[in-house]
Amino acid sequence: MIFKRSKSNKKSLEIANEITHDYLYVNKSFSPYKSDSVITWKENPFNDKTWCFYFHSLDMVGYLMNAYELDPRQEYLEKSKWFLESWMSSNPSPENQVSPFAWEDHSTANRVINIIYFLEFYRESELYDDTFSQKVLGTLEVHGQFLYDDKNYNFSNNHGIFQDRSLLELSIMFPEFTDCHKWFDKAIKRIESRLERDVTASGVHKEHSASYHIVVLKLFREINDFLLYNNKSVPILKDTVFKMEEYLAHIVKPDGKIPMTGDSGNDSISFLSIENITNPKLLYVRSNGNVGEIPTKDIVYKDAGVAIFRNDWEINTPIYLKFISSFHSQTHKHADDLSFLLSIGKTDFFVDSGKYNYQENDNYRKYFRSSMAHNSVTVSRKTYNLGKNQVGKSKIDKYLIDSKYSYVTGSHTLYPGVLLKRTIIYFKESNSIIIHDRMSSSAMKTYSQIFNIGKDVNVSIISKKKILLESNLEDLKIELLQLNHVTELKDSNGNVEPIAGWQSTKFNEKYPITQLQFSNKGTDLEYKTIINTSISNGLKNYTFKNESEKDILTVTYKNNDKETIILNN
């Protein structure tokens, strides 16, 4: 059993054919690049650090081995050997490299996986040469020493887990290496520390990204399986994987895709193998209800700052509402605190921005990470800082799950001198949603309530206080009502100056969407908003007041019935 960066599929032979004809294929996010017959390892044809990362991970070798598994042609091994010989000659050590991407923490870890993948086939082939093999083993030992050294270890994000995985594989697969036992002990110690530090007690990865929750879940699962295969174990691993799977079950949208929170793409969970799933709730979601255990409709992960409310799992028009308020780490984090997402049936009505790319100097990347690209409240039409000093300044304060309604309140102080609070209440009989925002500061500020509307939704602005949203995919129409005064309403769609009204579902690709921005100016302000998923039924008005540390909500339905609720937890 070995780790693999990629797996054989129907495109593997096509990709390998491109690579053997001198096209550098490093990842599906980038077009194949026609290279010269000699590679300098300084190449950066797209002026993109992510491309360089895949390039120096030697992912070309991994793709060639994917094809070799399907069709064991010697040219795939020969081309892989050529890449390895060239790379080792140009980058023999961290002290002697031609590119700053060669011996980075992440590329070094992934390169180990691809080299071992190659060796597994090369050793049994007619191409085998002992002198070359010993040279590769020497390079792997240098990689092990690099990964073992704490000064090269990335403690701040998930790259460290990739390093631990590679160090584990080296320590177990190559017992002839002098320091293999030290490597194993160090990797296990780091993994145990990671499990406690990087994942909440409820099983949520702290990098604020649904995509990276899956990445880390897969890493931990693969490491656990690898250890068990080699008669070794870390007990906390199995328990953490189980909890992380359950969280994934709850956050999946009705269309089977993950929410694009943080640095996430528009990914489906269909790639997850049912045979590898251990949690019955994720099994239920992944199998479309054929097996497993149905998850609860509403759940709040307070330690992770995430709440998900649903009307049901088994109806034709499911409602999915997700709320976010937490700041555990700046890695893959967006300025999305107090934001929400709403999907109904097949339609994403209120959406997240997506990641776009990782080029932090790109103005569009800056926009996609900003508070303007999320359904929240901005101060003075600016985003807030995403630095380490912000950790801990955003949280879920209270919540309640009831048979008639569920609610969650979150707050943050991420803007200097400003306290923002948002309460979201989901009424289950009328399928209506209340959003109550409270903003407080000592100085006059402009507070803007931002809504980003999905690309499949037609927007009709009836007035500053009433917006109709109609799905282009199905017969669904909802309304957004503002109960408070609105000084200014701006709508944007693919604006470039300033950048506003964009979404990205694929790497380095973007398209225009509608953004609504409601603005008022003051010191202490509130926004009172209603979203009715049924225009003929639902809420007409509400009042919100605080008495004796209790929030008292009085709602008026469209049939003029009234209801008073005490929000206290």
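Everything that follows concerns the structure shown earlier in this document.
Glancing now at the overall build of the chain. Summing up its helical and strand segments, the chain has 12 helices and 26 strands in all. Relative to its length of 569 residues, the chain is compact, with a C-alpha radius of gyration of 26 Å against a globular reference of 25 Å. For the chain, the C-alpha atoms occupy an extent of roughly 85 × 50 × 45 Å along the three principal directions. When burial is assessed residue by residue, the chain has 58% of its 569 residues classed as buried. Carbon together with sulfur atoms contributes 46% to the accessible area of the chain, which is approximately 23600 Å² in total.

Within the largest apolar cluster, 102 residues are counted, with the highest numbers of intra-cluster contacts made by L140 and L248. With 10 residues, the top contributor of residues to this core is helix α9 (residues 210-229). Apart from the residues lying within four places of it in its own chain, the contact partners of L140 are V112, I115, I116, L119, L170, F174 and F177. By size, the runner-up hydrophobic cluster in this structure holds 44 residues, among which are V377, Y384, V408 and I433.

This part covers the pattern of salt bridges. For the structure on display, the rule yields 31 salt bridges. The shortest N-O distance in the salt bridge between R221 and E245 comes to 2.6 Å. Residue R221 is located in helix α9, and its partner E245 is located in helix α10 (residues 235-251); the two are separated by 24 residues in the primary sequence. Two residues, K395 and D397, come together in a salt bridge whose shortest N-O distance is 3.2 Å. Looking at K395, the relative accessible area reads 44%, which means it is partly exposed. The exposure class of D397 is partly exposed, given its relative accessible area of 24%. Residues joined in a network through salt bridges with shared partners are D150, D164, K186 and R190.

The next subject is the sheet that holds strand β24 (residues 539-547). Spatial strand order, β24-β25-β26: three strands in an open sheet with antiparallel pairing. Of all strands in the sheet, those bounded by a partner on one side alone are β24 and β26 (562-567). Averaged over all pairs of adjacent strands, the angle between strand axes in this sheet comes to 20°, irrespective of strand direction. Where β24 meets strand β25 (residues 550-557), eight bridges bridge the pair, whose relative direction is antiparallel. Among the inter-strand pairings, T543 is bridged to a residue of β25, identified as T554.

Attention shifts here to the pairing of strand β9 (residues 394-401). When a strand is regular, its side chains alternate between the sheet's two faces. As paired elements, β9 and strand β10 (residues 405-412) share seven bridges and run antiparallel to each other. Looking across to β10, one finds that L400 is bridged to Y407. Linking two consecutive strands that pair antiparallel, namely β9 and β10, is a turn of three residues.

Counted according to the given criterion, the structure contains 33 aromatic pairs. For the pair F3 and F226, a centre-to-centre distance of 4.7 Å together with 40° between the ring planes defines the contact as tilted. Here F226 lies in helix α9 and F3 lies in the segment before α1 (12-20), a separation of 223 residues in the sequence. In terms of burial, F3 and F226 fall into one category: buried. Here the aromatic rings of Y384 and Y415 are separated by 5.3 Å at their centres, their planes lie at 85°, and the arrangement is edge-to-face. Here Y415 lies in the loop between β10 and β11 (418-427) and Y384 lies in the loop between β8 (377-379) and β9, a separation of 31 residues in the sequence. One aromatic cluster is present, formed by F30, Y33, W41, F46, W51, F55, Y358 and F507 through successive ring pairs.

In this section: the environment of F349. Topologically, F349 is positioned in strand β7 (residues 347-350). For the pair F349 and A187, spaced 162 residues apart in sequence, the C-alpha to C-alpha distance is 44 Å. Those residues in contact with F349, other than ones at most four positions away along the chain, are L342, S343, I344, N452, I453, G454, V457, L469, S471, L476 and I478.

Turning next to the sheet that holds β10. Pairing is antiparallel in the open sheet, where eight strands are placed in the order β9-β10-β11-β12-β23-β16-β15-β14. Because the sheet does not close on itself, it has two edges, and the strands there are β9 and β14 (457-463). The average undirected angle you get between the axes of adjacent strands in this sheet is 15°. Summarising the sheet, strand β15 (residues 466-471) and strand β16 (residues 477-482) pair through five bridges and their orientation is antiparallel. By the bridge assignment, L468 is partnered in β16 with E479.

Two elements in contact, helix α6 (residues 130-148) and helix α8 (residues 180-198), have axes separated by 10 Å at closest approach and are oriented at 40°. Viewed along their axes, α6 and α8 adopt a mutual orientation that is oblique. The two elements α6 and α8 meet at a crossing, and its hand is left-handed. Contact residues: E141, G144, Q145, L147 and Y148 in α6; K182, W183, K186 and R190 in α8.

Within the fold, D437 resides in strand β12 (residues 432-441). Reaching out from D437, the side chain makes a polar contact with the side chain of R422 at a distance of 2.5 Å. The residues contacting D437, other than those within four sequence positions of it, are V377, K421, R422, Q449, L525, E526 and Y527.

Okay, α9 next. Taking 1.5 Å per residue as the helical rise, α9 with its 20 residues ought to reach 28 Å, and the 28 Å between its terminal C-alpha atoms agrees with that figure. Within α9, 14 of the 20 residues are buried, which leaves it mostly tucked inside the rest of the structure. Here α9 starts with a cap whose side-chain oxygen sits 3.3 Å from the backbone nitrogen of S211, and that cap is S209. Just past α9, the residue N231 takes up positive phi, approximately 60°.

Analysis parameters
Think of each chain on its own: its residues are numbered from 1, step by step along the sequence as written. For this predicted model, a pLDDT threshold of at least 70 governs which residues receive local features, and a threshold of 80 or more governs which side-chain atom pairs are given and counted, while totals over whole chains, interfaces and linings are taken from all residues. Processing note: side-chain calculations cover all non-hydrogen atoms of the structure and skip hydrogens and water entirely. Starting at the N terminus, helices and strands are each numbered in turn, a helix being any DSSP run of H or I of at least four residues and a strand any DSSP run of E of at least two. The quantity called the radius of gyration is restricted to C-alpha atoms. Its globule counterpart is 2.2 Å times the number of residues to the power 0.38. Summary of the burial criterion: residues with accessible area below 20% of their type's maximum are buried, those above 50% are exposed, and those between are partly exposed, where the area comes from a 1.4 Å probe applied to protein chains only. Throughout, the Shrake-Rupley method with a 1.4 Å probe supplies accessible areas, and for residues the shown protein chains are the sole cover considered. What makes a nonpolar core is a set of buried Ala, Val, Leu, Ile, Met, Phe, Trp, Tyr and Cys residues whose side-chain atoms join them at distances within 4.5 Å. Every residue pair with non-hydrogen atoms within 4.5 Å of one another is taken to be in contact. We count a salt bridge whenever a side-chain nitrogen from Lys or Arg sits within 4 Å of a carboxyl oxygen from Asp or Glu. We treat two strands as partners when DSSP finds at least two bridges between them. To define axes, lines are fitted to C-alpha atoms, for helices over the stretch in contact only, and angles between the resulting N-to-C directions are given on a 0 to 180 degree scale. Ring geometry is summarised as follows: Phe, Tyr and Trp rings, the Trp one being its six-membered ring, pair when their centres sit within 6.5 Å, and such pairs are stacked at plane angles under 30 degrees, edge-to-face over 60 and tilted between the two. Here roughly perpendicular refers to angles of 65 to 115 degrees, roughly parallel to angles under 35, roughly antiparallel to angles over 145, and oblique to all remaining angles. Should the near helix be turned anticlockwise from the far one by less than a right angle, the crossing is termed left-handed; should it be turned clockwise, right-handed. Each polar contact in these results corresponds to two N or O atoms within 3.5 Å; when the atoms are within protein, one needs to be able to donate a hydrogen and the other to accept it, and residues that are neighboring in sequence are counted only if both atoms are side-chain atoms. One fewer than the residue count of a helix, multiplied by 1.5 Å, yields its expected span.

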